[in-house]
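# Coordinate inspection notes
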Amino acid sequence: MRIMGLDYGDRNIGVAVSDAFGWTAQGTGVVQKKRNGGEFDEIAQLVKDHEVSEIVVGLPKNMNGSVGPRGEICMAFAEDLQQKLNLPVHLWDERLTTVAAERTLLEADVSRKKRKLVVDKLAATFILQNYLDSKAKR
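All of these numbers come straight from a predicted model, not from anything done at the bench. (Residues numbered from 1 in each chain as written. Predicted model: local features only at pLDDT ≥ 70, side-chain atom pairs only at ≥ 80, totals over all residues. Heavy atoms only, no water.)

### Brief notes about helix α1 (residues 39-50)
- Over its 12 residues, α1 runs 16 Å from end to end, which matches the ideal 16 Å to within 8%, given 1.5 Å per residue.
- Among the residues of α1, those classed as buried are Glu39, Phe40, Ile43 and Val47. Buried residues of α1, viewed axially, fall in a sector of 100°; they line one side. Turned more than 90 degrees away from the buried face of α1 sit Asp41 and Lys48, all of them exposed.
- Residues of α1 that are buried sit in contact with β1 (2-8), β2 (12-18), β3 (25-32), β4 (52-59) and α2 (69-85).
- In the segment just after α1, Glu51 is the residue with positive phi, at about 55°. (Helix = DSSP H or I, 4+ residues; strand = E, 2+ residues; numbered from the N terminus. Expected span 1.5 Å × (residues − 1). Buried < 20%, exposed > 50% of the residue type's maximum accessible area, 1.4 Å probe, protein only. Arc of directions from axis to C-beta. Contact = heavy atoms within 4.5 Å.)

### A closer look at α2
- The terminal C-alpha atoms of α2, which comprises 17 residues, lie 24 Å apart, in line with the 24 Å expected from a rise of 1.5 Å per residue.
- Of the residues making up α2, those classed as buried are Gly71, Cys74, Phe77, Ala78, Leu81 and Leu85. Each buried residue of α2 lies within a common arc of 115° when the element is viewed along its axis, so the set occupies one face. Exposed and facing more than 90 degrees away from the buried side of α2 are Pro69, Glu72, Gln83 and Lys84.

### A closer look at the environment of Ile3
- Mapping Ile3 onto the fold places it in strand β1.
- You can call Ile3 buried: its relative accessible area is 7%.
- Considering only alpha carbons, one finds Ile3 and Asp109, 106 residues apart in sequence, at a separation of 30 Å.
- Not counting residues up to four positions away in its chain, the partners in contact with Ile3 are Ala16, Val17, Ser18, Val52, Glu54, Val56, Leu128, Tyr131, Leu132 and Lys135.

### With respect to the side chain of Ser18
- You can see Ser18 is positioned in strand β2.
- Look at Ser18 and you get buried, because its relative accessible area is 1%.
- Among all residues touching Ser18, those that are not within four sequence positions of it are Arg2, Ile3, Thr24, Ala25, Gln26, Leu128 and Leu132.

### Here's the deal with the confidence of the model for the protein
- Mean pLDDT over the protein stands at 87; residues scoring 70 or higher make up 93%.
- Per-element mean pLDDT across the protein ranges from 72 in helix α3 (residues 97-107) up to 96 in β2. (pLDDT = per-residue confidence, 0-100.)

### A few points about the packing of α1 against α2
- For the pair α1 and α2, interaxial distance at closest approach is 11 Å and the crossing angle is 60°. Classified by the interaxial angle, the pair formed by α1 and α2 is oblique. As α1 runs across α2, the sense of the crossing is right-handed. In this structure, α1 uses Phe40, Ile43, Ala44 and Val47 to contact α2, whose residues at the interface are Phe77, Asp80, Leu81, Lys84 and Leu85.
- A class-by-class count of the residues in the contact of α1 with α2 yields 7 nonpolar, no polar and 2 charged. (Axes fitted to C-alpha atoms, helices over the stretch in contact; angles between N-to-C directions. Parallel < 35°, antiparallel > 145°, perpendicular 65-115°, else oblique. Left-handed = near helix turned anticlockwise from the far one by under 90°. Nonpolar A, V, L, I, M, F, W, Y, C, P; charged D, E, K, R; others polar.)

See below:
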C-alpha cells in the first residue's frame, strides 16, 4: 500500500504519493479547495485510485517549533480527513518545504506562471519524501 502526502494551502492542496515500497514520493497533482468541502471527495477518490493506506499532512510550524494559526488549521483538516476517510493521518513538520520547492523551480528556470501550477505538488512531494526518509532510518 502507498502513502499520500498533502500540502494544505489556502487555495490548493498539493498531492504526492509514494511508490509501492514506500521509498520515493512522486507529485501527482493539486486539488483545489471548494467552499462545499468537495476537496474531501476528490482526495477520497485519489486514495482509492492509488491504493493509499495512510496519509501525511504537512504541519506548518513557526521557526521556533511552535504551532501557529496556520498550523491549527492544518491540524483540523487532518482530523477531518481522518474521520472522513477512516485512515491513519500523520502530521509532519513542513517548515520551509514551500520555500525549498520555489527555490528548486527557480534553479530549474521554470517560468513564474508554471511555478504557480506545480509548487504545491512539489511541496507535497518534499513533505512525503522527508516522512519516508525518516521512516527508513529506523
